Amino acid sequence: MARKRIKSGIDGLDGMIEGGFIEGQILLLAGDAGAGKTTLASQFIYSGAEKHNEVGLFISFEETKELIYENMRRYGWDLAGLERENKVAFLEYPTQDVDHFLSQESIIRDTIDEYKIKRVAIDTITSFALIYETEYKRRQEVAKLLNKLRKWGCTIMLTSESRAFNTEYQVRFGLDSLCDGLVYLYNIREGDVRVRALEVMKLRGTRHVQRMVPMRFTDSGMKLYPDEHVFKK
């Protein structure tokens, strides 16, 4: 029996991945600072709550709830209103309090069960990893965390800072092998302009488009253009 597909909420993406992500997968959204990772993760949560009746949880290790809600209003997303309707939940852990996230893991799981949360976004896993002093310890603790996240039974999107050199990328802490999917956001300089693109690097159990696709910010969120080329021919 085919597993349920979860719509991404990103215009143009689902057609590239057999209709959506497989329910329960852990997906890594990687890219440079400013590439749009927080926006795309927020769009994933908003779309689930607003269009598919799937309650979402956003966990932030960097930006405050107020700032994210304010930034996302420019796309017409009323995350605060959805929170009042118990369709979205938000937890924030400032950098100095990231360790509290681990101590409250059982409380978070209770929240997931109580509100029947289906989607989770964690922004960013990099902040969690960097509380540990060595690269070995970071990889070890990230692996432990992902094992815990799988038990939540949600479709989870993690964001991660990653440096791209043109179309070459590097993902830290072994995340690309630990996650079920890797979606990379590019913000490439071409001459005096920046070119944005998205590439599905891997997605277990799914046939997907294997090339970079143009991506743009629109008035209603991020949108992909699979029929266009990233670079001018």
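Structural data are supplied above this passage.
This text gives an overview of the structure that appears in the document. Chains are numbered independently. Their residues run from 1 in the order of the written sequence. For this predicted model, a pLDDT threshold of at least 70 governs which residues receive local features, and a threshold of 80 or more governs which side-chain atom pairs are given and counted, while totals over whole chains, interfaces and linings are taken from all residues. Side-chain descriptors were evaluated using all non-hydrogen atoms of the structure, hydrogens and water having been removed beforehand.

Focus on the sheet that holds strand β5 (residues 88-92)
When DSSP finds two or more bridges between a pair of strands, those strands are recorded as paired. Secondary structure elements follow DSSP: runs of H or I no shorter than four residues count as helices, runs of E no shorter than two count as strands, and numbering proceeds from the N terminus. Spatially, the nine strands line up as an open sheet ordered β5-β4-β6-β7-β3-β10-β11-β12-β13, and their pairing is mixed. Looking at strand neighbours, the two that pair on one side only are β5 and β13 (221-224), the edges of this open sheet. Across the sheet, the axes of successive neighbouring strands diverge by a mean angle of 20°, strand direction being ignored. In this sheet, strand β7 (residues 155-161) lies alongside strand β6 (residues 119-123) in parallel orientation, the contact comprising four bridges. Within β7, the position partnered with A121 by the bridge is M157. All axes here are fitted lines through C-alpha atoms, helices being fitted over the stretch that makes contact, and every angle between N-to-C directions spans 0 to 180 degrees.

Here we look at the pattern of salt bridges
Take a side-chain nitrogen of Lys or Arg and a carboxyl oxygen of Asp or Glu: if they are within 4 Å of each other, that pair is a salt bridge. Under the criterion given, the structure shown has 14 salt bridges. With a closest N to O distance of 3.4 Å, E85 and K87 form a salt bridge. A residue is classified by how much of its surface remains accessible, and E85, at 49% relative accessible area, is partly exposed. Taking relative accessible area as the criterion, K87 reaches 30% and is therefore assigned partly exposed. In this structure, D180 engages R204 in a salt bridge whose closest nitrogen and oxygen atoms are separated by 3.1 Å. Note that D180 is positioned in the loop between α8 (175-178) and β10 (181-190) and R204 in the loop between β11 (193-203) and β12 (213-218), a separation of 24 residues in sequence. Remark: exposure states derive from per-residue accessible area (1.4 Å probe, protein chains only) relative to the maximum for the residue type, with buried under 20%, exposed over 50%, and partly exposed in between. For R204, a relative accessible area of 36% puts it in the partly exposed group. Through salt bridges that share partners, K4, E54 and R119 make up one connected network.

Digging into helix α2 (residues 65-72)
Listed in full, the buried residues belonging to α2 are I68, Y69 and M72. Along α2, the residues classed as buried sweep out an arc of 100° about the axis, all on the same side. Taken together, the buried residues of α2 touch α1 (37-51), β4 (56-60), α3 (79-84) and β5. Taken from the helix axis, the directions to the C-beta atoms give the arc we talk about. In what follows, a contact means two residues having at least one pair of non-hydrogen atoms within 4.5 Å.

Re unusual backbone geometry
Leave glycine aside and you will find that most residues have negative phi; peptide bonds, for their part, are mostly trans. Residues D123 and T124 are joined by a peptide bond in cis, for which omega reads 0°. Tracing the backbone shows T124 in the loop between β6 and α6 (125-129). A positive phi angle, near 55°, is found at N53, a position not held by glycine. You can see N53 is positioned in the loop between α1 and β4. Phi angles above zero are rare outside glycine, and N86 is one such case at about 60°. For N86, the location among the structural elements is in the loop between α3 and β5. Among the residues examined, N86 registers a relative accessible area of 46% and is labelled partly exposed.

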